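One-letter residues, chain by chain:
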Amino acid sequence: QQQVKQSPQSLIVQKGGISIINCAYENTAFDYFPWYQQFPGKGPALLIAIRPDVSEKKEGRFTISFNKSAKQFSLHIMDSQPGDSATYFCAASKGFGNEKLTFGTGTRLTIIP
Amino acid sequence: DAGITQSPRHKVTETGTPVTLRCHQTENHRYMYWYRQDPGHGLRLIHYSYGVKDTDKGEVSDGYSVSRSKTEDFLLTLESATSSQTSVYFCAISWTTVYNEQFFGPGTRLTVL
């Protein structure tokens, strides 16, 4: 059962544009939503994370938008650069007790010049 | 990669043979995880450990076993490898029981012929 649905599977964006990746979850007990970035041949690395007490979190060019009522969250990459080309995974878990992370299926992002 | 090493990094084996993958950390983190990554499935949890000799199953544990005799080492064993276990395997570690931030190793690419 896929508890975190991620879309699109792949995305091509021109340099300088905005990349948007969306995730939807089912379990209302989830209260921690991280995004991981993975370059080819490397392990995923935590990029940015949000908790549901805020609707938006921004770190540099990366922003998470969170909609608790719709059970959706999204990653926005502003001024996308070729170096942002990677696979992005959303994830979700309950915050306390070191609950397991449930990952989305990933989005392969390609930034073209 | 946050003081995490995985060995071997690449392995080709034949169906029916036993295989052991090793994850070694230098961070003294309590929690350790084994994931497999397959196209279209994202990252799926195989087994995890919340301390020495304390392990539990993830969502895709059939055909896999784990052991953790020391804080720094977490072993994943395929008792009798099958072609469906061809995958990239990632180890991850976490130190916190709150908001499960995980750090991933570089991965092991396993091919079962």
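Residues numbered from 1 in each chain as written. Chains lettered and ligands numbered in written order. Predicted model: local features only at pLDDT ≥ 70, side-chain atom pairs only at ≥ 80, totals over all residues. Heavy atoms only, no water.

## Observations concerning the state of the cysteines
Applied cut-off: Put simply, a disulfide is two cysteine sulfurs that come within 2.5 Å. Segments assigned H or I by DSSP are reported as helices when at least four residues long, segments assigned E as strands when at least two residues long, and all are numbered from the N terminus. Only protein chains enter the area calculation, which uses a 1.4 Å probe; residues under 20% of their type maximum are buried, those over 50% are exposed, and those in between are partly exposed.
By the definition in use, this model includes two disulfides over all chains. The partner cysteine of A:C23 in its disulfide is A:C90, sulfur to sulfur 1.9 Å. Its S-S torsion of approximately -95° makes the covalent link between A:C23 and A:C90 left-handed. Of this pair, A:C23 sits in strand 3 (residues 19-25) while A:C90 sits in strand 9 (residues 86-92); the two residues are 67 residues apart in sequence, bridging distant segments of the chain. Exposure class is identical for A:C23 and A:C90. Each is buried. The partner cysteine of B:C23 in its disulfide is B:C91, sulfur to sulfur 1.9 Å. With the S-S dihedral at roughly -70°, the linkage between B:C23 and B:C91 falls on the left-handed side. Note that B:C23 is positioned in strand 3 (residues 19-25) and B:C91 in strand 9 (residues 87-94), a separation of 68 residues in sequence.

## What about the nonpolar core?
Residue and element names in this part refer to chain A. What counts is decided by this rule: Only buried Ala, Val, Leu, Ile, Met, Phe, Trp, Tyr and Cys residues count toward a nonpolar core, and they belong to the same one when joined by side-chain atoms within 4.5 Å. Any two residues whose heavy atoms approach within 4.5 Å at even a single point are treated as in contact.
Judged by nonpolar contacts, the single largest core of 24 residues is most densely connected at F33, W35, F73, L75 and Y88. Listing elements by their share of this core, those giving two or more residues are strand 2 (10-14), strand 3, strand 4 (33-38), strand 5 (45-50), strand 7 (62-67), strand 8 (72-77), strand 9 and strand 11 (107-112). Of all the elements, strand 9 adds the most residues to this core, at four residues. In contact with L75, not counting residues within four places along its chain, are S19, I20, I21, W35, L47, I48, F62, T63, I64 and Y88.

## Section: the pairing of strand 7 of chain A
Every other side chain in a regular strand lies on the same face of the sheet, so the side chains alternate between the two faces. Residues and elements named next belong to chain A. As a reminder, the rule being used: Following DSSP output, two strands are said to pair if at least two bridges run between them.
Bridging between strand 6 (residues 56-59) and strand 7 involves four bridges; their strand directions are antiparallel. Across the sheet, residue K57 finds its bridge partner in strand 7, namely I64. The hairpin turn running from strand 6 into strand 7, its antiparallel successor, is two residues long, and G60 in that turn takes a positive phi close to 65°. Judged from the six bridges that link them, strand 7 and strand 8 form a sheet pairing that is antiparallel. Bridging across to strand 8, F66 finds its partner in F73.

## A word on the interface of chain A and chain B
Filter applied, for reference: Using a 1.4 Å probe, buried area is obtained as the accessible area two parts lose upon being combined, added over both of them. Definition used for salt bridges: Asp or Glu carboxyl oxygen within 4 Å of a side-chain nitrogen of Lys or Arg. Any pair of N or O atoms that falls within 3.5 Å is considered a polar contact. Within protein, one atom must be able to donate a hydrogen and the other to accept it, and sequence-neighbouring residues count only if both atoms are side-chain atoms. Nonpolar residues are Ala, Val, Leu, Ile, Met, Phe, Trp, Tyr, Cys and Pro. Charged residues are Asp, Glu, Lys and Arg, and all others, Gly as well, are polar.
On the chain B side, the residues contacting the 22 residues of chain A number 23 residues. The contact between chain A and chain B buries some 1900 Å² in all, and 57% of this surface belongs to carbon and sulfur atoms. Here chain A and chain B share zero salt bridges between them. Linking chain A with chain B are two residue pairs in polar contact (both at pLDDT 80 or more). A breakdown of the residues in the side of chain A that touches chain B according to their chemical character gives eight nonpolar, nine polar and five charged.

## Description of the sheet that holds strand 8 of chain A
Residue and element names in this part refer to chain A. Formally: Simply put, an axis is a line fit to the C-alpha atoms, just over the touching stretch for a helix, and the angle between two N-to-C directions goes from 0 to 180 degrees.
Strands sit in the order 1-3-8-7-6 across an open sheet of five strands; the sheet is antiparallel. Two strands close off the open sheet at either side, each with one partner strand: strand 1 (4-7) and strand 6. Averaged over all pairs of adjacent strands, the angle between their axes in this sheet comes to 15°, without regard to strand direction. Bridge analysis of strand 3 against strand 8 gives six bridges, and the strand direction is antiparallel. Counterpart to I21 in the pairing with strand 8 is L75.

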